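# Examination of the molecular architecture
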Amino acid sequence: MDAHILAFNPEPGKAEQLAPNLRRILAPNPSPMTFRGTNTYLIGDTELAVIDPGPDHPDHLKAILAAVTPEQTITHIIVTHAHLDHSPLARALSDETGAPVYAYGDPDAGRSAVMQALADSGLAGGGEGVDLDFMPDRVVCEGEVLRGRGWALEVIHTPGHFGNHISLAMEDVCFCGDHVMGWASSLVSPPDGDLTDFMASCEKLSARQWRVFHAGHGAPIENPSERLAWLMAHRKGRESEILAGLTSGSTTAEALASAIYKETPAALLPAATRNVFAHLVDLHGKKRVSVRDQLAADAVFELL
């Protein structure tokens, strides 16, 4: 990992001022999937929005509450998606403050028909962990604007990393959750992750002019358009590798991942396999590959 990426190492629990009316608190949940931990954002001067309260960790709850001064009130708790590193603390924070929880829906919301069929067939796991108990108080929709004194956040539905994933636009600033990150490419793991939706969401974000992205993990992304272009090119490059791997004959997502991700630690190969499977599902939908029997994580794929 590059030195400038590793340089992002804020103190967990400390509210850091990023801009006027914008602070970030790092949750104490570092891991190979979360980098330094989950970024919780506080927006506003008197009426505060909290974006991604984070994991169910008592010290992080204390840190968020400690960042609220006597003249401030948390009025909105907004969850970008229902992974265990982003949403579980929302209910405890709501109980402490009385603020409602806003999100696109429960963990199944926004899921494509293909991914729903995979889930119905029994496919699960393979990601950062789903907050199965998550349920917002208020469901938001594409284009809705959430407002507090001195701020407004436009909801952009950006499925792909997760079906109920949203990004939030504050003028030319975007809180992009786990859809775009500067330290790594985003995980797309079926049935919660859908590569077809992921690429469409990248295109949706690319159609707008942004100054900075604030991601769910890692440092601010100061070159949003370049990062989006890289992310889409990266995915297209991975697709080419998968198609090339299929020229030798029919094979599985696991075998392709082992051949493509040669430098990846063994512990991360299951996640890499899910990424490859996401590409194969996308290619199947585009009628570029066929599958023996039914679409499944251990299915055998071949070129059409």
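Residues numbered from 1 in each chain as written. Predicted model: local features only at pLDDT ≥ 70, side-chain atom pairs only at ≥ 80, totals over all residues. Heavy atoms only, no water.

Before going further, it helps to spend a moment on the layout of surface pockets. Approximately 820 Å³ is the volume found for the largest pocket. Of all the secondary-structure elements, those providing two or more residues to the lining of the largest pocket are α6 (224–246) and α8 (269–285). With 5 residues, the top contributor of residues to the lining of the largest pocket is α6. The class makeup of the residues in the lining of the largest pocket is 15 nonpolar, 7 polar and 6 charged. (1 Å grid on protein atoms, 1.4 Å probe; cavity = no way out; pocket = protein on both sides within 12 Å on 5 of 7 lines; lining within 4 Å. Points joined across faces, edges and corners; volume = space filled by probe spheres on them. Helix = DSSP H or I, 4+ residues; strand = E, 2+ residues; numbered from the N terminus. Nonpolar A, V, L, I, M, F, W, Y, C, P; charged D, E, K, R; others polar.)

Turning to α6, a few remarks are in order. Look at α6: 33 Å from first C-alpha to last across 23 residues, which is about the 33 Å you get at 1.5 Å a residue. Residues of α6 that are buried: P224, R227, L228, L231, M232, R235, R238, E239, I242, L243 and L246. (Expected span 1.5 Å × (residues − 1). Buried < 20%, exposed > 50% of the residue type's maximum accessible area, 1.4 Å probe, protein only.)

Under the criterion given, the structure shown has 12 salt bridges. One salt bridge connects K204 with E142, and the closest N-O pair in it is separated by 3.3 Å. On the criterion of sequence distance, the pair formed by K204 in helix α5 (residues 195–206) and E142 in the loop between β7 (138–139) and β8 (145–148) is long-range, its members being 62 residues apart. Here E142 falls in the partly exposed class, since its relative accessible area comes to 41%. R208 serves as the salt-bridge partner of E154, at 3.0 Å between the closest nitrogen and oxygen. Of this pair, E154 sits in strand β9 (residues 151–157) while R208 sits in the loop between α5 and β12 (212–215); the two residues are 54 residues apart in sequence, bridging distant segments of the chain. Judged by its relative accessible area of 24%, E154 falls in the partly exposed class. Given the relative accessible area of 32%, R208 is considered partly exposed. Residues joined by salt bridges that share partners form a network here, namely E239, D282, K286 and R288. (Salt bridge = Lys/Arg side-chain N within 4 Å of Asp/Glu carboxyl O.)

To continue, consider empty space enclosed by the protein. Going through the model one piece at a time under the given rule, you end up with 3 cavities of 30 Å³ or more. Computed from the structure, the second largest cavity encloses a volume of approximately 40 Å³. Looking at the second largest cavity, the residues that line it are N39, Y41, I51, D52, T80, F175, C176, G177, H214, A215 and G216. Among the elements of the structure, β3 (39–43), β11 (173–177) and β12 are those that each provide at least two residues to the lining of the second largest cavity. When grouped by side-chain class, the residues that make up the lining of the second largest cavity number 5 nonpolar, 5 polar and 1 charged.

Before going further, it helps to examine the packing of aromatic side chains. The description of an aromatic ring pair rests on the distance of the ring centres and on the angle between the ring planes. Going through the model one piece at a time under the given rule, you end up with 5 aromatic pairs. An angle of 65° between the planes, with centres 5.9 Å apart, marks the rings of W210 and F213 as edge-to-face. Taking the ring centre of Y261 as reference, the NZ or CZ of R238 above it sits at 4.4 Å. (Phe/Tyr/Trp six-rings, centres within 6.5 Å; stacked < 30°, edge-to-face > 60°. Lys NZ or Arg CZ within 6 Å of the ring centre and 35° of its normal.)

Turning our eyes to something else, we now look at the packing of helix α7 (residues 253–260) against α8. Where α7 contacts α8, the two axes come as close as 8 Å, and the packing angle between them is 115°. When the axes of α7 and α8 are compared, the crossing they make is right-handed. Every residue of α8 that contacts α7 at A253, E254, L256 and A257 is listed here: L269, A272, T273, V276, F277 and L280. When grouped by side-chain class, the residues that make up the contact of α7 with α8 number 8 nonpolar, 1 polar and 1 charged. (Axes fitted to C-alpha atoms, helices over the stretch in contact; angles between N-to-C directions. Left-handed = near helix turned anticlockwise from the far one by under 90°. Contact = heavy atoms within 4.5 Å.)

Here the focus is the sheet that holds β12. The strand order β8-β9-β10-β11-β12 describes an open sheet built from 5 strands, whose pairing is mixed. Two strands close off the open sheet at either side, each with one partner strand: β8 and β12. Across this sheet, the average inter-strand angle for adjacent strands is 25°, counted without regard to direction. Taken together, the 3 bridges between strand β10 (residues 166–170) and β11 define a ladder with antiparallel strand orientation. Paired with A169 across the strands is C174, a residue of β11. Here α5 sits on the sheet in contact with β9, β10 and β11, set at roughly 145° to β9. (Pairing = 2+ DSSP bridges.)

V180, F198, L205, W210 and F213 are the most contacted members of the largest nonpolar core, which has 25 residues in total. For this core, the secondary-structure elements that each account for two or more residues are β11, α5, β12 and α6. At 5 residues, the largest contribution of residues to this core is made by α5. When neighbours within four sequence positions are excluded, V180 is seen to be in contact with S186, L205, F213, A215, I221, R227, L228 and L231. With 23 residues, the next largest nonpolar core counts L123, L243, L256 and F277 among its residues. (Core = buried A, V, L, I, M, F, W, Y, C linked by side-chain atoms within 4.5 Å.)

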